[in-house]
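Understanding the architecture of this molecule
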Amino acid sequence: MNFLYQNIYYIGAFGLIFIGLYIVAAKKNLIKIIIGLGFISTGINLFLIIIGYIKKGTATIFSKPNLNPAQMVDPVPQALVLTAIVIDVAVLALALGLVIGLYKHYKTLNIRKIRGLKW
Amino acid sequence: MRRIISFILLIIIFVGIYLALTHIPYAKDKMKVSKHYINNGIKENGAANIVTAVVLNYRGFDTLGEVTVLFIGAVGLGMILFGSRTNSKDRTPASLILTTGCRLLFPFILLLGIYIFIHGHLTPGGGFQGGAIIASGFLLNYLGCLKRPVKENGINAIESLAGTIFVMIGLIGLLYGGYFLLNFLPKGVLNTLVSGGILPLLYIAIGFKVGAELAGIIYKLME
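Heads up: these notes are all about the structure in this document. For clarity, every value in this text was computed on a predicted model and none was experimentally measured.

Details of the overall build of chain B
Helix and strand counts for chain B stand at eight helices and zero strands. Taken from N to C terminus, the helices and strands of chain B fall in the order α-α-α-α-α-α-α-α. A compact globule built from 223 residues should have a C-alpha radius of gyration of about 17 Å, whereas chain B, at 22 Å, is more than 25% larger. The burial tally for chain B puts 35% of its 223 residues in the buried class. Partitioning the intrachain contacts of chain B with sequence separation of at least 6 by distance along the chain shows that 71% fall at a separation of at least 24.

Examining the interface of chain B and chain A
Bring the parts together and some accessible area is lost; that lost area is often taken as the interface size. Contacts between chain B and chain A engage 42 residues on the former and 37 residues on the latter. When residues of the side of chain B that touches chain A are traced back to their parent elements, those giving at least two are helix 1 (2–21), helix 2 (32–45), helix 3 (50–58), helix 4 (60–80) and helix 8 (199–222) of chain B.

Focus on the environment of Lys 28 of chain A
All names here are of chain A. Following the sequence through the fold, Lys 28 ends up in the loop between helix 1 (2–26) and helix 2 (30–51). C-beta crowding within 10 Å serves as the criterion here: with 13 such atoms nearby, Lys 28 is assigned to the partly exposed category. Distance from Lys 28 to Asn 66, taken between C-alpha atoms, is 55 Å for residues 38 residues apart in sequence. Not counting residues within four places of it along the chain, the set of residues in contact with Lys 28 comprises Asn 110, Ile 111 and Arg 112.

Digging into unusual backbone geometry
Phi at Lys 107 of chain A takes a positive value of approximately 60°, unusual for a residue other than glycine. With respect to the element layout, Lys 107 of chain A can be found in the segment after helix 3 (75–106).

Topic: the environment of Ile 133 of chain B
All names here are of chain B. In this fold, Ile 133 is placed in helix 6 (residues 127–145). Sequence spacing of Ile 133 and Gly 76 is 57 residues, and the spatial spacing of their C-alpha atoms is 23 Å. Every residue in contact with Ile 133, bar those within four places of it in the chain, is listed here: Ile 109, Leu 112, Gly 113 and Ile 116.

Some remarks on the nonpolar core
Counting residues in hydrophobic clusters, the biggest one holds 49 residues, and the most contacted among them are Ala 53, Val 54, Phe 166, Leu 199, Leu 202 and Ile 206 of chain B. Elements supplying a minimum of two residues to this core: helix 3 of chain A together with helix 2, helix 3, helix 4, helix 5 (96–118), helix 6, helix 7 (152–177) and helix 8 of chain B. When residues no more than four places from it in sequence are discounted, the contact partners of Leu 202 of chain B are Leu 56, Phe 166 and Ile 169 of chain B. In this structure, Phe 14, Leu 16, Phe 39 and Phe 47 of chain A belong to the second largest nonpolar core, which totals ten residues.

The rules behind these values
- Residues numbered from 1 in each chain as written.
- Chains lettered and ligands numbered in written order.
- Predicted model: local features only at pLDDT ≥ 70, side-chain atom pairs only at ≥ 80, totals over all residues.
- Helix = DSSP H or I, 4+ residues; strand = E, 2+ residues; numbered from the N terminus.
- Rg over C-alpha atoms; globule rule 2.2 N^0.38 Å.
- Buried ≥ 20, exposed ≤ 12 C-beta atoms within 10 Å, placed from the backbone.
- Contact = placed C-beta atoms within 7 Å.
- Core = buried A, V, L, I, M, F, W, Y, C linked by C-beta atoms within 7 Å.

Note that all results are geometric; they support no functional claim without further evidence.
This is the structure we're talking about:
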């Protein structure tokens, strides 16, 4: 129980990543595979945010005069995750565009029925 | 068969990650770089939100690359979907309640987005978040009102103009003091709207650019 209490954030982040990896590896529908990619990126973003966390930390905004700078969480992972989220949006939109193109060409979304994508 | 292989693969990855994670401490102190940003960020940038200072000043060049990635994604989507426009004349019009509600809400959503990216250096939020909210307003407009008040050329013009303004502000810093994206404007008083030098200007440019790009992506995917 203590182990679970200490590592619950890591378990959540990597749980998301593993769910996403399983969806990407096992599902057949292309839209579901893209949702799995979204899961993976969300888990990675959560993991990066967690690494920067500090016990009882506050946000890095000096909105009040009496905030203690030593108790603020790490701003660098938050800035990097901001970058990563925007790039996720671009990647997912591009992937959805490719899926639309594939559907127009093959008239199916099942990757088992699309020639050249079998494994 | 496929599922079994996937599970075996996941177990292998899990073991590897678990072995690595046992060496990463949780909720320990920050790195040296972050301490510098937190302790000197206000003096160097004048913005209350340190994340904004990191995104736009310390790593401003990175943000320019990020905006470029979003631009390339939008352009690539346009290229993939080029020439596959379906005729959208045969859709049934929405009911009166839906169109009226959508027309009523659309300016307020725009206002919220603009508020968020103008206050990016004071509160949580910023150009990317505000741009996403503006794009959600355009999504509502597309789904509810069925008209296309936005022309694609206008979207492209706003996008290019905002990107050019971002680069121009960076180049003025280069002329003024020696490096790209130098914070050359006066810092102002902490926690007021006009503070932080060039950071609000950059976030306004990014907000317009991201909003226009995401709205363009939505329109391209919906067509």
